[in-house]
Amino acid sequence: MGKGVMLYCEIHEDCLAKIAAELASVGRKIADELGEELQAVLIGSGGVKAFAQELVFLGADKVLVIDDPAFASYQPDAYVEAMENVIKDISPAILLFGHNEAGRDLAPRLGFKFKAGVMLDCIKVEVEIATRKLYMTHPVYGSKVNTRFKAKTEGLLIASIRAKSNEPAESLETRSGEIIERSETVAVSIGQVQIIEQVKEEVAGVKLEEAGVIVSGGRGMQGPEGFEILKKLARVLGGEKGGAIGGSRAAIDNGWLPNKLQVGLTGKIVSPSIYIAVGISGAMQHIAGCLTSKTIIAINKDPEAPIFNISNYGVVGNWEDIVPALTEKCEALQ
Ligand SMILES: Cc1cc2nc3c(=O)[nH]c(=O)nc-3n(C[C@H](O)[C@H](O)[C@H](O)COP(=O)(O)OP(=O)(O)OC[C@H]3O[C@@H](n4cnc5c(N)ncnc54)[C@H](O)[C@@H]3O)c2cc1C
């Protein structure tokens, strides 16, 4: 049986991915409860070590740094091999990933290799100290129900954690830890998958998944023009970081917003502090994408609209009257 908690932390666009702070808070808590170490793994090419200290400040006892040209871009076979070697050497009991592209890909591949217990897209991961069993909470039925799973395996346990579902760890410069450079020379030729081209998704302003405030519009907006008014509200409420604009599938299908801004079952799953749904009826497929938001505010002219059933606050009326007035009031309060 392994010991300790390990985090796979991603470097994304020359920054430590934000999910690392959430992984650190979940991992640190479990490691403390078990009385064991928290280790973090960083893989990339060029300057990887520069991000290690931040992981120490976030709570890692040890950070394993793997820096090699073979890891210049995400290549599943190379990354799996590097992680496989790390797991064999360190033998962690629990391995946590962010539920992002890399985590979704690596967690099941490693789970298969190590015959591990794997649970993806968890909003909570806890340990029962007496039995050392891991409990993982995962939303199902379009986020209407949370199911809690208990891992049966005695071996490695792997979980991926949904972004914004846990409080991020505080970065404390007083924390100390060890930074260990590992040389993993994985031959690029082992890769069965070749990256031919990478196309960067152009996002103006803050990314939907990372926004603290999202103002989404639906069919009730009746056209693309109204989204400029929603943008203003998002800007005012979002403060320095800026808010983001999203939409229901009806708004996307009508061509009022690009696909990447769709919130819902077949769009993005978001968990901002404030989610404002404007002219959105509240179909189950839309709610699945925003139900874990901290506060949901609905603006809809139909008092019977289902969106009000899941909203913390609701305003019944035409958005044309309410949104400009709300924006003005918020601006005046700043
Ligand atoms: C397999 C599948 C996957 C899907 N995935 C998604 C998904 O990921 N995301 C998603 O959003 N949908 C998804 N859908 C579609 C979903 O079922 C709904 O059809 C869609 O969410 C409806 O969008 P809406 O609420 O904007 O439109 P509507 O349901 O038409 O609601 C419009 C609302 O606007 C209100 N309104 C109208 N005028 C005004 C006004 N002037 N002021 C205020 N309110 C006004 C109305 O009262 C109404 O409640 C999916 C469907 C399927 C079958």
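Remember, it's a predicted structure, so these values are computed and weren't measured experimentally. (Residues numbered from 1 in each chain as written. Predicted model: local features only at pLDDT ≥ 70, side-chain atom pairs only at ≥ 80, totals over all residues. Heavy atoms only, no water.)

### Focus on the domain arrangement of the chain
- According to the domain assignment, the chain consists of domain 1 (5-190) and domain 2 (208-333).
- Centre-to-centre separation of domain 1 and domain 2, based on C-alpha positions: 32 Å.
- Between domain 1 and domain 2, the contact holds eight residues from the first and twelve residues from the second.
- Carbon and sulfur atoms supply 57% of the area buried between domain 1 and domain 2, which totals about 860 Å² over both sides. (Domains from an automatic or database assignment. Contact = heavy atoms within 4.5 Å. Buried area = accessible area lost by both parts, 1.4 Å probe.)

### Comments concerning empty space enclosed by the protein
- Counted by the stated rule, this structure contains two cavities of 30 Å³ or more.
- By volume, the second largest cavity is sized at about 30 Å³.
- Taken together, Y8, C9, E10, I19, L23, G98, N100, A102 and G103 make up the lining of the second largest cavity.
- Elements represented by at least two residues in the lining of the second largest cavity include exactly β1 (5-9), α1 (19-34) and α4 (101-114).
- The residue makeup of the lining of the second largest cavity, split by class, is five nonpolar, three polar and one charged. (1 Å grid on protein atoms, 1.4 Å probe; cavity = no way out; pocket = protein on both sides within 12 Å on 5 of 7 lines; lining within 4 Å. Points joined across faces, edges and corners; volume = space filled by probe spheres on them. Helix = DSSP H or I, 4+ residues; strand = E, 2+ residues; numbered from the N terminus. Nonpolar A, V, L, I, M, F, W, Y, C, P; charged D, E, K, R; others polar.)

### Here we look at the nonpolar core
- The biggest cluster of nonpolar side chains holds 40 residues, and the ones touching the most others in it are L7, I30, L42, L55, L96, V125 and L134.
- At nine residues, the largest contribution of residues to this core is made by α1.
- Counting residues in each nonpolar core, the second largest holds 34 residues, with I214, A244, I252 and L261 among its members. (Core = buried A, V, L, I, M, F, W, Y, C linked by side-chain atoms within 4.5 Å. Buried < 20%, exposed > 50% of the residue type's maximum accessible area, 1.4 Å probe, protein only.)

### Brief notes about the site of the ligand
- In the vicinity of the ligand, 26 residues are found, and the nearest of them are R219, S248, T266, S281 and N300.
- In this structure, an oxygen atom belonging to the ligand sits 3.0 Å away from a main-chain N or O atom of G279.
- Protein contacts shield 77% of the accessible area of the ligand, which totals 990 Å² for the unbound molecule.
- Each residue belonging to the shell around the ligand can be placed in one class, and the counts come to six nonpolar, 15 polar and five charged. (Near = heavy atom within 4 Å. Polar contact = N/O pair within 3.5 Å; in protein donor to acceptor, adjacent residues only side chain to side chain. Areas by Shrake-Rupley, 256 points an atom, 1.4 Å probe, with all protein chains shown as cover.)

### Focus: the state of the cysteines
- What the rule picks out here adds up to zero disulfides.
- The thiol of C15 is unpaired, and the distance to the nearest cysteine sulfur, on C9, comes to 14 Å.
- By relative accessible area, C15 is classed as partly exposed at 45%. (Disulfide = S-S within 2.5 Å.)

### Notes on the pattern of salt bridges
- One pass over the full model with this rule turns up 19 salt bridges.
- The salt bridge involving D253 is made with R249; its shortest N-O contact spans 3.5 Å. Taken as a pair, D253 and R249 lie in helix α6 (residues 249-253) at a separation of four residues, close to a single helical turn.
- For D253, a relative accessible area of 58% puts it in the exposed group. (Salt bridge = Lys/Arg side-chain N within 4 Å of Asp/Glu carboxyl O.)

### Side note on the sheet that holds strand β6 (residues 94-98)
- Taken in spatial order, the seven strands make up an open sheet running β7-β11-β6-β1-β4-β5-β12, and their pairing is parallel. Every interior strand has two partners, whereas the edge strands, β7 (117-122) and β12 (178-182), have only one. Pairs of neighbouring strands in the sheet enclose a mean axial angle of 20°, with direction left out of account.
- Bridge count for β6 against strand β11 (residues 157-161) is five bridges, and the pairing is parallel. Of the residues in β11, the one forming a bridge with I94 is L157. (Pairing = 2+ DSSP bridges. Axes fitted to C-alpha atoms, helices over the stretch in contact; angles between N-to-C directions.)

### A short note on the environment of G218
- Mapped onto the secondary structure, G218 falls in the loop between β13 (213-217) and α5 (226-238).
- The exposure class assigned to G218 is buried, which follows from its relative accessible area of 0%.
- Residues G218 and A250, spaced 32 residues apart in sequence, show a C-alpha to C-alpha distance of 6.1 Å.
- Not counting residues up to four positions away in its chain, the partners in contact with G218 are S248, A251, W256, V278, G279 and I280.

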